[in-house]
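Here is what each chain is made of, one letter per residue.
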Amino acid sequence: QVQLVESGGGLVQPGESLRLSCTASGSIFSIYGMRWYRQVPGKQRELVAAITSGGTTTYTDSVKDRFTISRDNAKNTVYLQIDSLKPGDTAVYYCNADVRLVAGAVSQFWGQGTQVTVSS
């Protein structure tokens, strides 16, 4: 049906920046909300940023000064720019999207995750 593929994670030093990407492909008619979550082992998955199809953005308070979510609707892609990375940002980052399929139904899909590790 629909696949979400994240990229851009890696090992970085504190203070550096990363841009994560997530591209959706498959039987897509349109994409509504897109989101980034992160998860640390042993903890619940946390919503960090969201963006509507019209470009309205929301952030969890702990990241709003350093994270920027954006999207390219023509490419079915959502981005997460992370600046001034901290060790506490270490997590697996997942993208999530509400997709209207060509067949008509609306379903939510998840990517496989990309690891971000912040360490000196």
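Quick summary incoming for the structure in this document. Remember, it's a predicted structure, so these values are computed and weren't measured experimentally. Throughout this description, residue numbers start from 1 for each chain and increase along the sequence as written. Only residues with pLDDT of at least 70 are given local features in this predicted model, and only at 80 or more are side-chain atom pairs given and counted; all residues enter the totals for whole chains, interfaces and linings. Side-chain metrics rest on all non-hydrogen atoms present in the structure, leaving aside hydrogens and water.

**Considering the packing of aromatic side chains**
Here comes step 1: Classification of ring pairs uses Phe, Tyr and Trp, with its six-membered ring standing for Trp, and accepts pairs whose centres are within 6.5 Å; under 30 degrees between planes counts as stacked, over 60 as edge-to-face, and the remaining range as tilted. Going through the model one piece at a time under the given rule, you end up with one aromatic pair.
Here comes step 2: Where tyrosine 37 meets tryptophan 110, the ring centres are 4.8 Å apart and the plane angle is 55°; that geometry is what we call tilted. With tyrosine 37 in strand β4 (residues 28-39) and tryptophan 110 in strand β10 (residues 106-110), the pair connects residues that are 73 residues apart, well separated along the chain.
Here comes step 3: Taking relative accessible area as the criterion, tryptophan 110 reaches 37% and is therefore assigned partly exposed. Secondary structure is summarised from DSSP: a helix means a run of H or I of at least four residues, a strand means a run of E of at least two, and numbering begins at the N terminus for each. Note on exposure labels: buried denotes an accessible area under 20% of the residue type's maximum, exposed denotes more than 50%, and partly exposed covers the range between, all computed with a 1.4 Å probe on protein chains only.

**Digging into the nonpolar core**
Here comes step 1: Counting 30 residues, the largest nonpolar core has Leu4, Trp36, Val78, Leu80, Tyr93 and Val99 as the members making the most contacts within it.
Here comes step 2: Taken together, the elements giving at least two residues each to this core come down to β1 (2-7), β3 (18-26), β4, β5 (46-51), β7 (67-72), β8 (77-82), β9 (91-101) and β11 (114-118).
Here comes step 3: The leading source of residues in this core is β9, at six residues.
Here comes step 4: If we ignore the near neighbours within four places in the chain, the residues touching leucine 80 are Leu18, Arg19, Leu20, Trp36, Val48, Ala49, Phe67, Thr68, Ile69 and Tyr93. Residues belong to a common nonpolar core when they are buried Ala, Val, Leu, Ile, Met, Phe, Trp, Tyr or Cys residues joined through side-chain atoms within 4.5 Å. Two residues form a contact once any of their heavy atoms are found within 4.5 Å.

**Details of the sheet that holds β3**
Here comes step 1: Paired strands, in this sense, are two strands between which DSSP finds at least two bridges. Taken in spatial order, the four strands line up as β1-β3-β8-β7 in an open sheet, and their pairing is antiparallel. Two strands bound the open sheet, and with one partner strand each, they are β1 and β7. Within this sheet the neighbouring strands show an average axis-to-axis angle of 15°, counted without direction.
Here comes step 2: Strand direction decides the pairing type here: β3 and β8, joined by six bridges, are antiparallel. Residue pairing across strands places arginine 19 opposite glutamine 81, the latter belonging to β8. To obtain each axis, a line is fitted to C-alpha atoms, and for helices this fit is confined to the stretch in contact; angles are then taken between N-to-C directions over 0 to 180 degrees.

Structural measurements only, silent on function.
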